Amino acid sequence: MDRLIARYTNSYLSYVLMYLFYNISFALYSAMLSVYLIGKGYSASDVSLCVSVGSLSAMVTQPVIGSLTDRFGMRPVNLTMFGMACLAAVGVVLAPNFGMLVGSWATVNLLMNGANPVVERMATSSPYGYGKVRMWGTIGFACGTQLSGIIYDRIAPDALFISMIFSMLLCILGFWGTQPRLAETEAANIEADEDTEPVSMKDLLKDRRFLYYAALQILLISVTGATYSFCPAFLTSKGLDASTASTILSLATIVELPLIVFSSKYMDKVPNKVLLLVCFSLATLNMLVFAFDMPLPLVLAATLLCFHPPIILNVMTNMKVVNTIVDPRLQVSGLALVKTCQSFGTIVSNNIGGRIVDAVGYSSMFLFLLVVVVVGLVGVVFFQVPSGNDKRLFS
């Protein structure tokens, strides 16, 4: 038995299980949320309220979770959060009213998002390379999105959260077996900079370039976050059933797979600014199709080609930009602050978006998001940032 455990520890299988089932779980509790709530008789404003509470709770607790991780270590903190997320999922199923449902779902969301920065960093700190590990996250999210539609249509809406619990148990098994080089990486950063002046979070808040970049992230995630929340309901409003909509969204997730698998081929060669321009351009194209009530085949094409690619490309670009413009000793703080800004953008856009949908429909909401992303696209043009190609994060 000891020999088997030794072979499993830090094996490729442990990373596959963690990434695959973490993302399956993520999709099961979030991908069909708008359909789930509207199917229970709630409005689009109620959907936006639920997402906003979840995002706000994640935003507020992110610094606390980071502090706990620094103090007690990533393993006990993340394993505890994964276990608590399973309990909160039970709360969603048993919730007697909308308030309890929102509270339980927000708890699941803050715990899953709280673990996300560590999970993402583990892909760059594993012995197997970013693409080979992170691709299982994309496969997992695609499978989870597909399963969510099938479970919703053919079993029961509440079975989404029961299935998430079983998926999380397999994720915990995978996480338990991993031993990434995060500690060594952090120690190397500290050692490399021990002779320089001390730095703190205040230095980030005084850095105009970082604040400018954080504002760009607010604009982009405002658009992708609201689109993620309302896209399932938008597709069902076009006449698709929940399982068909989930199939489309699952295929849309798979489209991002080549971007991850071949990240080592281009992420360290394409400048940061060009990567950001591509992210904003794809999101702009997506909003153009959604906003102007195009024929269904064109809507489906935009969903497949322009929905998920800017999201995953931005995840990788964000790590590269922060690594480029932020002091090595403040990398974690920089990523946490950007994540907080992204949560803020999601809260605002979901609240405004839900009200627009209830008042005048989906096309007007996507038109509003189009304006937001175009403002961000113009902002990127004037953003002065080094290429970052010397960092070699993905090679």
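Throughout what follows, the structure given in this document is the object of discussion. Computed from a predicted structure; not experimentally measured.

Side note on the overall build of the protein chain
For the protein chain, the count of helices and strands is 19 helices and 0 strands. Whereas a compact globule of 395 residues would reach a radius of gyration of roughly 21 Å, the protein chain reaches 20 Å, a difference of no more than 12%. By its C-alpha atoms, the protein chain is 60 × 55 × 35 Å across when sized along the principal axes. For the protein chain, the residues scored as buried account for 54% of the 395 residues in total.

A closer look at the nonpolar core
Met-112, Met-164, Leu-235, Phe-290 and Phe-366 are the most contacted members of the largest nonpolar core, which has 122 residues in total. The element best represented in this core is helix H6 (residues 98–125), accounting for 13 residues. Not counting residues within four places of it along the chain, the set of residues in contact with Phe-366 comprises Thr-227, Phe-234, Met-287, Phe-290 and Ala-291.

A closer look at the side chain of Asn-314
Of note, Asn-314 is situated in helix H17 (residues 309–325). Not counting residues within four places of it along the chain, the set of residues in contact with Asn-314 comprises Gln-217, Leu-220, Ile-221, Leu-276, Cys-279 and Gln-342.

Considering the pattern of salt bridges
Summed over all chains, the structure comprises 2 salt bridges. Here Lys-40 and Asp-158 are joined by a salt bridge, their closest N and O atoms 3.8 Å apart. Of this pair, Lys-40 sits in the loop between helix H3 (33–39) and helix H4 (44–72) while Asp-158 is found in the loop between helix H7 (130–154) and helix H8 (159–177), placing the two residues 118 residues apart along the sequence. Here Lys-40 falls in the partly exposed class, since its relative accessible area comes to 41%. The shortest N-O distance in the salt bridge between Asp-293 and Lys-238 comes to 2.7 Å. On the criterion of sequence distance, the pair formed by Asp-293 in the loop between helix H15 (272–291) and helix H16 (296–306) and Lys-238 in the loop between helix H11 (208–237) and helix H12 (242–254) is long-range, its members being 55 residues apart.

What to know about the packing of helix H2 (residues 12–30) against H7
Relative orientation of the contacting elements H2 and H7 amounts to 35°, with a least axis distance of 7 Å. Read as a crossing pair, H2 and H7 show a hand that is right-handed. In the contact of H2 with H7, the residues fall into 17 nonpolar, 6 polar and 2 charged.

Side note on helix H19 (residues 362–381)
Because each turn of an α-helix spans 3.6 residues, side chains separated by three or four positions in sequence point in the same direction. Between its first and last C-alpha, H19 extends 29 Å over 20 residues, near the 28 Å set by a 1.5 Å rise per residue. Those residues of H19 that sit buried are Tyr-362, Met-365, Phe-366, Leu-369, Leu-370, Val-372, Val-373, Gly-376, Gly-379 and Val-380. Against the buried residues of H19 lie H3, H11, H15 and helix H18 (331–360).

Examining the packing of aromatic side chains
Under the definition given, this model contains 18 aromatic pairs. Each ring, one from Phe-82 and one from Phe-175, has its centre 5.6 Å from the other, and the planes form 90°; the classification is edge-to-face. With Phe-82 in helix H5 (residues 74–94) and Phe-175 in helix H8, this residue pair connects regions lying 93 residues apart in the sequence. A relative accessible area of 0% means that Phe-82 is categorised as buried. A relative accessible area of 0% means that Phe-175 is categorised as buried. Relative to Tyr-228, the ring of Phe-141 has its centre 6.1 Å away and its plane inclined at 40°; by these criteria the two rings are tilted. Placement of the pair is Phe-141 in helix H7 and Tyr-228 in helix H11, with a sequence separation of 87 residues. The same class applies to Phe-141 as to Tyr-228, namely buried. By the ring-pair criterion, three or more aromatic residues cluster together here, those being Tyr-22, Phe-26, Tyr-29, Phe-82, Trp-105 and Phe-175.

Quick notes on the rules
Residues numbered from 1 in each chain as written. Predicted model: local features only at pLDDT ≥ 70, side-chain atom pairs only at ≥ 80, totals over all residues. Heavy atoms only, no water. Helix = DSSP H or I, 4+ residues; strand = E, 2+ residues; numbered from the N terminus. Rg over C-alpha atoms; globule rule 2.2 N^0.38 Å. Buried < 20%, exposed > 50% of the residue type's maximum accessible area, 1.4 Å probe, protein only. Core = buried A, V, L, I, M, F, W, Y, C linked by side-chain atoms within 4.5 Å. Contact = heavy atoms within 4.5 Å. Salt bridge = Lys/Arg side-chain N within 4 Å of Asp/Glu carboxyl O. Axes fitted to C-alpha atoms, helices over the stretch in contact; angles between N-to-C directions. Left-handed = near helix turned anticlockwise from the far one by under 90°. Nonpolar A, V, L, I, M, F, W, Y, C, P; charged D, E, K, R; others polar. Expected span 1.5 Å × (residues − 1). Phe/Tyr/Trp six-rings, centres within 6.5 Å; stacked < 30°, edge-to-face > 60°.

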